[in-house]
Amino acid sequence: GLRALADASADWIWETDAFLRVSYLSASFTTVTGLARDVWLGQPVELLLQCETLPAGQWLQQLGDGSSGVGHLRCSYRDSIGQTRHSRIVACPIVRDGQIAGYRGTVLDITDQVDAQAQLAHRSTHDAVTGLGDEHALTRFLDQTLADRLRPVPLTLLLLDLAGFEQLGETLGQPAR
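Residues numbered from 1 in each chain as written. Predicted model: local features only at pLDDT ≥ 70, side-chain atom pairs only at ≥ 80, totals over all residues. Heavy atoms only, no water.

Draft legend 1. How the structure looks around the overall build of the protein. Helix and strand counts for the protein come out as 8 helices and 6 strands. Along the chain direction, N to C, the helices and strands of the protein fall in the order α-β-β-α-α-α-β-α-β-β-β-α-α-α. Across the 177 residues in the protein, those meeting the buried criterion constitute 29%. Taking as baseline every contact in the protein between residues at least 6 positions apart, the subset at least 24 positions apart corresponds to 34%. (Helix = DSSP H or I, 4+ residues; strand = E, 2+ residues; numbered from the N terminus. Buried < 20%, exposed > 50% of the residue type's maximum accessible area, 1.4 Å probe, protein only. Contact = heavy atoms within 4.5 Å.)

Laid out in structure tokens, this is it:
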């Protein structure tokens, strides 16, 4: 029933025991991450998921202390080929006889979203043709460099006026720039 549904999900589902050791991973864990489930069973959840704001175990314990009992956190993990994958986890405590017996949750891969946001941020401060920082990036760099009076560094600024640069692109296309 529920385990079959969990195994068919694109997200992977996990559970821990009361000591925050991984006690269950859905079959989709292996499909999504390329990692073997058996290797991770019994391991501390913090070895599997590295979270941005605070350790996963501490976050889970805070969930157990809270009134809502459900939380979201952004984490990352390394897949089977060593690439960092970004994910959003949703978790809640498992309560038995009024005591927290562990935690369960889902992990949604958001790596593509994170990469797309990073590309947008890069494009907003860099020239699309050259890949170099735009005038705002240059201004920020100069402000920071000149403001650091404790470690003065030699600075040379070279300005080039490329006459006809725009016409070159318009005539021969972007690859010619």
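Draft legend 2. Main features of the packing of aromatic side chains. Taken as a whole, this structure holds 2 aromatic pairs when the rule is applied. Look at Trp12 and Phe29: their rings are 4.8 Å apart centre to centre, the planes differ by 75 degrees, and that puts the pair in the edge-to-face class. Linking Trp12 in strand β1 (residues 12-17) with Phe29 in helix α2 (residues 27-33), this pair joins segments that are 17 residues apart in sequence. Of the two residues, Trp12 and Phe29, both sit in the buried class. Taken together, a centroid distance of 5.6 Å and an interplanar angle of 85 degrees make the contact between Trp12 and Tyr77 edge-to-face. Taken together, the residues span a long stretch of sequence, with Trp12 in strand β1 and Tyr77 in strand β4 (residues 71-78) at a distance of 65 residues. As far as burial versus exposure is concerned, Trp12 and Tyr77 are alike and both buried. Chaining the aromatic ring pairs together yields one cluster made of Trp12, Phe29 and Tyr77. (Phe/Tyr/Trp six-rings, centres within 6.5 Å; stacked < 30°, edge-to-face > 60°.)

Draft legend 3. Region of interest: the state of the cysteines. Scanning the entire structure with this criterion turns up 1 disulfide. What pairs with Cys51 in a disulfide is Cys75, and their sulfur atoms sit 2.1 Å apart. Residues Cys51 and Cys75 are joined through a disulfide that is right-handed, its torsion about the S-S bond being 80 degrees. Taken together, the residues span a long stretch of sequence, with Cys51 in strand β3 (residues 50-51) and Cys75 in strand β4 at a distance of 24 residues. Taken individually, Cys51 and Cys75 each receive the classification buried, so the pair is uniform in this respect. (Disulfide = S-S within 2.5 Å.)

Draft legend 4. Examining the pattern of salt bridges more closely. A complete count under the given rule lists 3 salt bridges for this structure. Of the charged contacts, one joins Arg104 and Glu15 as a salt bridge, the two residues approaching to 3.0 Å between their closest N and O atoms. Here Arg104, found in strand β6 (residues 99-109), pairs with Glu15, found in strand β1; they are 89 residues apart in sequence, far enough to count as distant. Residue Asp17 pairs with Arg21 through a salt bridge whose shortest N-O separation is 2.9 Å. Residue Arg21 is classed as partly exposed on the basis of its relative accessible area, which comes to 35%. (Salt bridge = Lys/Arg side-chain N within 4 Å of Asp/Glu carboxyl O.)

Draft legend 5. Here's a closer look at unusual backbone geometry. In this model, Leu20 sits at a positive phi of 65 degrees, which is unusual for a non-glycine residue. Within the element layout of this structure, Leu20 appears in the loop between β1 and β2 (22-25). With a phi close to 55 degrees, Asp97 is a non-glycine residue in the positive phi region. Its location among the elements puts Asp97 in the loop between β5 (84-96) and β6.

Draft legend 6. Spatial organisation of the environment of Gly64. Here Gly64 shows up in helix α5 (residues 56-65). Separated by 39 residues in the primary sequence, Gly64 and Tyr103 place their C-alpha atoms 8.5 Å from one another. Ignoring any residue separated from it by four or fewer positions in sequence, one finds Gly64 in contact with Pro93, Ile100 and Tyr103.

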